[in-house]
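Reading the structure
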Amino acid sequence: MTGSRPGFPVRLTPAATAATRGRQPAVPSKPTVLMPETSVSAAVHARMVQRLAAQGLADRRVLDAMAAVQRHRFVDSALVNQAYEDTSLPIGLGQTISKPSVVARMIELLLAAPALSGKPQQRLGRVLEIGTGCGYQATVLSHVATEVYSIERLRGLHERARANLRFFRLATVHLMLGDGMLGYPKGAPYAGIIAAAGGESVPDAWIEQLAIGGRIVAPTHSSAGGQSLVVIDKTARGIDRRILEAVHFVPLKSGIA
Ligand code: SAH
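Just so we're clear, the structure is a prediction, and the values are computed from it rather than from any experiment.

1. Considerations on the site of the ligand
Every one of the 28 residues lining the ligand counts as a neighbour, but Glu 129, Glu 152, Asp 179, Gly 180 and Lys 253 are closest to it. Gln 137 places a main-chain nitrogen or oxygen 3.0 Å from an oxygen atom of the ligand. One nitrogen or oxygen atom from the main chain of Arg 153 is found 3.3 Å from a nitrogen atom belonging to the ligand. Contact with the protein chains hides 99% of the accessible area of the ligand, taken as 580 Å² for the molecule alone. More than half of the atoms of the ligand fall within 2 Å of the grid points belonging to the largest cavity. Secondary-structure elements contributing two or more residues to the shell around the ligand are β4 (95–97), β5 (124–130), α4 (136–141), β6 (145–152) and β13 (250–251).

Laid out in structure tokens, this is it:
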């Protein structure tokens, strides 16, 4: 996936030479060097993955997926230099791509679904993502799940994600324009559902469309007025719900725009 296409350009210009001061240089100055870009982006990308591991991310499947997907391909060219920092970045239409550590944490939680417990190498089955945004997380998910359905309510971002994903030629990722509050019944039942936008509560439709043994990981409003990550497991015995750490996501909204 780190193919032969160039990454982002890094131009190293030589310091001012004697020529620029109106004299001939004694030694010809070196020409402007265009660095082999992939090696530059690959190094900062590798450091991002090392930081995730140092912060405690232990699931090999997630580390490999985070290492496989080049985040700089999903952000605006003015932001490529920040693509491997642990920060959320604007992707247009008032939305943001989540921090790499949050993407990794949520996918790690998703892979700890009851159906996969004790199977640290197995892929998840079909996954539904609510909020495609720029398509970054959907692409990461394609490395840990057999099939990814990702739904976005904003046409502009849905189309942007389509354009971004064309580079990766992923046959297992399906991008839909629609209201993810209703889930996506055509792909159900899902082994996992992951939301990139936070609502008042987890819609019943998501729980209905979850397979037995499956898990939902989603930000929802907390009683304290902020947002928290919620993990919902569906087992043969019923529904287990756990509230985890505080998070900060864009709002889950209904309808298409
Ligand atoms: N996972 C994305 C992050 C996108 S931000 C990425 O990797 O880039 C969250 C996205 O959720 C926004 O694009 C927002 O438009 C979308 N969203 C909010 N409510 C939605 C809904 N009901 N259905 C589908 N998408 C929704």
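2. Examining the sheet that holds strand β12 (residues 238–247)
Adjacent strands of a sheet pair through backbone hydrogen bonds, lying either parallel or antiparallel. One open sheet holds the seven strands; their spatial order is β7-β6-β5-β8-β10-β11-β12, and the pairing between them is mixed. Only two strands of the sheet have a single partner each, and these edge strands are β7 (173–177) and β12. Direction aside, neighbouring strands of the sheet carry axes that sit 15° apart on average. In terms of strand pairing, strand β10 (residues 210–221) meets strand β11 (residues 227–235) through seven bridges, oriented antiparallel.

3. Remarks on the packing of aromatic side chains
Two aromatic rings, taken as a pair, are described by how far apart their centres are and by the angle between their planes. A complete count under the given rule lists five aromatic pairs for this structure. Here the aromatic rings of Phe 74 and Phe 168 are separated by 5.4 Å at their centres, their planes lie at 10°, and the arrangement is stacked. Here Phe 74 is found in the loop between α2 (60–68) and β3 (89–92), whereas its partner Phe 168 is found in the loop between α5 (155–166) and β7, with 94 residues between them in sequence. Look at Phe 74 and you get buried, because its relative accessible area is 1%. Summarising the aromatic geometry, the rings of Tyr 149 and Tyr 190 are spaced 6.0 Å apart at their centres and angled 70° between planes, so their arrangement reads as edge-to-face. With Tyr 149 in strand β6 and Tyr 190 in strand β8 (residues 190–195), this pair connects stretches of sequence that are 41 residues apart. A relative accessible area of 15% means that Tyr 149 is categorised as buried. Overall, Tyr 190 belongs to the buried group, its relative accessible area being 0%. The positively charged end of Arg 73 is found above the aromatic ring belonging to Phe 167, 4.0 Å away from the centroid.

Each value, and the rule that gives it
Residues numbered from 1 in each chain as written. Predicted model: local features only at pLDDT ≥ 70, side-chain atom pairs only at ≥ 80, totals over all residues. Heavy atoms only, no water. Near = heavy atom within 4 Å. Polar contact = N/O pair within 3.5 Å; in protein donor to acceptor, adjacent residues only side chain to side chain. Areas by Shrake-Rupley, 256 points an atom, 1.4 Å probe, with all protein chains shown as cover. 1 Å grid on protein atoms, 1.4 Å probe; cavity = no way out; pocket = protein on both sides within 12 Å on 5 of 7 lines; lining within 4 Å. Sits in = over half its atoms within 2 Å of the grid points. Helix = DSSP H or I, 4+ residues; strand = E, 2+ residues; numbered from the N terminus. Pairing = 2+ DSSP bridges. Axes fitted to C-alpha atoms, helices over the stretch in contact; angles between N-to-C directions. Phe/Tyr/Trp six-rings, centres within 6.5 Å; stacked < 30°, edge-to-face > 60°. Buried < 20%, exposed > 50% of the residue type's maximum accessible area, 1.4 Å probe, protein only. Lys NZ or Arg CZ within 6 Å of the ring centre and 35° of its normal.

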